[in-house]
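For reference, the chains in residue letters:
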Amino acid sequence: MKRNVRKIILIAAVVVTALVCFAFSVCALDTTGQCGDNVYWSYNKSTGSLVISGQGDMYDYTGTNTPFDVEGIKSVVVYDGVKSIGDYAFYKCADLTSATVSDSVESIGYAAFYNCSELTGVTIEDGVKEIGDYAFGKCSALEQVVIPDSVTDIGYAVFGDCDAMSSVSFGDGLKNIGEYAFQRCSNITELIIPDSVETIGKDAFRECSAVKKISIGKGVTSIGSYAFFLCKSLESIEVSKSNNYYVNDQYGVLFDKNKTTLIYFPPKSDVTSYKIPLTVQTIEDYSFQTCDKLVTITIPEGVKKIGIAFLNGCDNVTDITIPASVTNIGYGAFVSSYKITKITVDSNNKYYCNDENGVLFDKNKTALIKCPEGITLKSYVIPDGVTTIRDAAFSDCKTIESIKIPDSISKIGNLAFSRCKKLKNVEYSGTQEQWKKITIGDDNEYLTNATLHCKDDVPSVVVKPAAPASLTATQTTKIVRLAWSEVSDATTYMVLQYVNNEWKSISVVSGTSYLVTGLASGTSYYFAVRSGKAD
């Protein structure tokens, strides 16, 4: 019995000692807490260091309910054993400057470090497989990032708006670069897409305005639309010769493998004259955007589709010819091409045509598509039969002061007359009531603020100081015929009657006589005539 008692006492002493040690370690820390079933956080206020430790997954959060106060956190270290970083885990940690993610972590959650605006460096150890949407979005001080070989997927807008980022290194295990993944990372100068990458998402590198060279590996099978949109400094694109889906030409222009689709022409290419290859059938949207060194571009017979805004911002292209094969021209294809003076359509084209001024129409001239922005006309007459003025049709036509619109028009598109700063007069062949029924789109203030002239307008009269000479009045029963001599330069005559102690206009005529009817016998009437000239 005595031996058993001793054992019990010994065990109790060990337990007490362990409890004392645990209590001491907690007291040494400012704050601690739980952020996963078996994951814990500890924050040292004096150093601003936040440590995540334990085993398994962190909890997901919503951006406002993290268990630790984000204010004052300067560094984050995620220790071995933690398997995932939860959604919004460190969202808007405004003082955070560094983060280290251990190799046990397999995924970084949605917006985990979003808008950590002072974060300058992040170390992601090999082990992470997936980086979630917006994970490092708007980390505007983040200067560079190395994606380890373990990462296979970069999600939507993961590094979007990281303006300070000057370099990104992709690991050899990466397969998918998500949509908008690096949008507006405006200091990256070169992109090397490794052979492992299969898909580049829509707008993935949109507005990476400092990128000069892009190298695309052999494994890429899909490049999303606008992937390199507004990469204004881009000089060339080089595709691996082993790639089975894409190719570049000697000028660094990107095509599909068979060169049936022209995808992107580098905006800062030194090429001033470019002939699109004869194999091309489709010119993609924004494909020549901001190519300000380009002066001439030749579209060959065989091209069927011209994409949206394909010449947008090509400031030095002066004219364009559309071949007979073209069946579709995208919205705003020639918008912001300020020097184009004429758009010429092959007479055999079955879908489009141009008039003598180089204005683009559909074949039946029911839709006016685009007036070239380099046109020097001061006035333009829209042909009868046109029912629609398309979006941006006259945008940036800066010389036009007067426009005649037929009563066949039923719709005027958005931006149709945007930036037409000299437009002052609109002559409409219909009535004011008909004009009110026209659907006029947004951003057409220069049109709606111009002086409108309709066919039922009451002419304004400039009154001459002297009345016409030889005014006579010939009376019959209840009728007086007024007659006067013609006045040189007068186009109208205002007939006035003296009523209630004032002269009132009773008619405006163009001839030199007027019949006044409905007069009462035995009553005196007083009339006057003034010459004038209609506007």
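Our subject in this report is the structure included herewith. (Residues numbered from 1 in each chain as written. Predicted model: local features only at pLDDT ≥ 70, side-chain atom pairs only at ≥ 80, totals over all residues. Heavy atoms only, no water.)

**Quick look at the overall build of the chain**
Summing up its helical and strand segments, the chain has three helices and 45 strands in all. Relative to the globule expectation of 24 Å for 535 residues, the C-alpha radius of gyration of the chain, 38 Å, shows a markedly less compact shape. Along the first, second and third principal axes, the C-alpha atoms of the chain reach 150 × 65 × 30 Å. Taking all contacts inside the chain whose residues are at least 6 apart in sequence as the whole, residues at least 24 apart take part in 37%. (Helix = DSSP H or I, 4+ residues; strand = E, 2+ residues; numbered from the N terminus. Rg over C-alpha atoms; globule rule 2.2 N^0.38 Å. Contact = heavy atoms within 4.5 Å.)

**Overview of the environment of Val76**
Structurally, the position occupied by Val76 is in strand β5 (residues 75-78). Spatially, the C-alpha atom of Val76 lies 9.4 Å from that of Tyr43, the residues being 33 residues apart in sequence. Among residues more than four places away in sequence, those in contact with Val76 are Leu50, Phe90, Leu96, Ser98, Ala99 and Thr100.

**A few points about a negative patch on the surface**
A cluster of acidic residues, Asp80, Asp103, Glu125, Asp126, Asp149, Asp172 and Asp195, forms a negative patch at the surface. Of the residues examined, Glu125 reaches a relative accessible area of 36% and is grouped as partly exposed. (Patch = residues over 30% accessible without salt bridge, like charges linked within 9 Å, V, L, I, M, F, W, Y side chains within 5 Å. Areas by Shrake-Rupley, 256 points an atom, 1.4 Å probe, with all protein chains shown as cover. Salt bridge = Lys/Arg side-chain N within 4 Å of Asp/Glu carboxyl O. Lys, Arg positive; Asp, Glu negative; His and termini not counted. Charge placed at Lys NZ, Arg CZ, Asp CG, Glu CD. Buried < 20%, exposed > 50% of the residue type's maximum accessible area, 1.4 Å probe, protein only.)

**Side note on the pairing of strand β41 (residues 479-483)**
Two elements, strand β40 (residues 472-476) and β41, share five bridges in a ladder whose sense is antiparallel. Residue pairing for β41: Gln475 is matched across the bridge by Val480. Linking β40 back to β41 in an antiparallel pair, the connection comprises two residues, with Lys478 at a positive phi of about 60°. Across four bridges, the pairing between β41 and strand β44 (residues 513-516) is antiparallel. Opposite Ala483, over in β44, you have Ser513 as the bridge partner. (Pairing = 2+ DSSP bridges.)

**Considerations on the pattern of salt bridges**
For the structure on display, the rule yields 13 salt bridges. Linking Asp203 and Arg206 is a salt bridge whose minimum nitrogen-to-oxygen distance equals 2.7 Å. Ionic pairing is found between Lys268 and Asp292, a salt bridge with its closest N-O pair at 3.3 Å. Taken together, the residues Lys268 in the loop between β22 (261-264) and β23 (273-275) and Asp292 in the loop between β24 (282-283) and β25 (296-298) connect sequence positions 24 residues apart. Look at Asp292 and you get partly exposed, because its relative accessible area is 28%. One network of salt bridges, with partners in common, ties together Asp161, Arg184, Lys202, Asp203, Arg206 and Glu207.

**Quick look at the layout of surface pockets**
Its boundaries defined by the atoms lining it, the largest pocket holds a volume of some 260 Å³. Mapped by element, the contributors of at least two residues to the lining of the largest pocket are β40 and β41. At four residues, the largest contribution of residues to the lining of the largest pocket is made by β40. Across the lining of the largest pocket, the residue classes tally to nine nonpolar, seven polar and one charged. (1 Å grid on protein atoms, 1.4 Å probe; cavity = no way out; pocket = protein on both sides within 12 Å on 5 of 7 lines; lining within 4 Å. Points joined across faces, edges and corners; volume = space filled by probe spheres on them. Nonpolar A, V, L, I, M, F, W, Y, C, P; charged D, E, K, R; others polar.)

**Some words on the side chain of Asp203**
Inspection of the secondary structure assignment puts Asp203 in the loop between β16 (199-200) and β17 (213-216). Residue Asp203 is classed as buried on the basis of its relative accessible area of 0%. Reaching out from Asp203, the side chain makes a polar contact with the side chain of Lys202 at a distance of 2.7 Å. Ignoring anything within four residues of it in the chain, the contact list for Asp203 reads Tyr180, Gln183, Ser225, Tyr226 and Ala227. (Polar contact = N/O pair within 3.5 Å; in protein donor to acceptor, adjacent residues only side chain to side chain.)

**Some thoughts on the packing of aromatic side chains**
Under the defined criterion, the tally for this structure stands at 31 aromatic pairs. Pairing Phe68 with Phe90 gives two aromatic rings, centres 6.0 Å apart and planes at 20°, and the pair type is stacked. A residue pair is termed long-range when its members are at least 10 positions apart, and Phe68 in the loop between β4 (56-57) and β5 and Phe90 in the loop between β6 (82-85) and β7 (98-101) qualify at 22 residues. No difference in accessibility class separates Phe68 from Phe90, as the two residues are buried. Note on Phe136 and Phe159: the rings are 5.3 Å apart at their centroids and 5° apart in plane angle, and the pair reads as stacked. With Phe136 in the loop between β10 (130-131) and β11 (144-146) and Phe159 in the loop between β12 (153-154) and β13 (167-169), the pair connects residues that are 23 residues apart, well separated along the chain. (Phe/Tyr/Trp six-rings, centres within 6.5 Å; stacked < 30°, edge-to-face > 60°.)

**Description of the sheet that holds strand β8 (residues 107-108)**
Taken in spatial order, the eight strands of this open sheet run β4-β6-β8-β10-β12-β14-β16-β18, and their pairing is parallel. One side of each edge strand has no neighbouring strand; the edge strands of this open sheet are β4 and β18 (222-223). Sheet topology note: the β10/β12 ladder contains two bridges and is parallel. Paired with Glu130 across the bridge in β12 is Asp153.

**Some details on the side chain of Asp396**
Assignment of secondary structure puts Asp396 in the loop between β34 (388-389) and β35 (402-405). Of note is the side chain of Asp396, whose polar atom sits 2.7 Å from the side chain of Arg419. Leaving out residues up to four positions away in the same chain, Asp396 has contacts with Ser336, Tyr338, Glu373, Ser418, Arg419 and Cys420.

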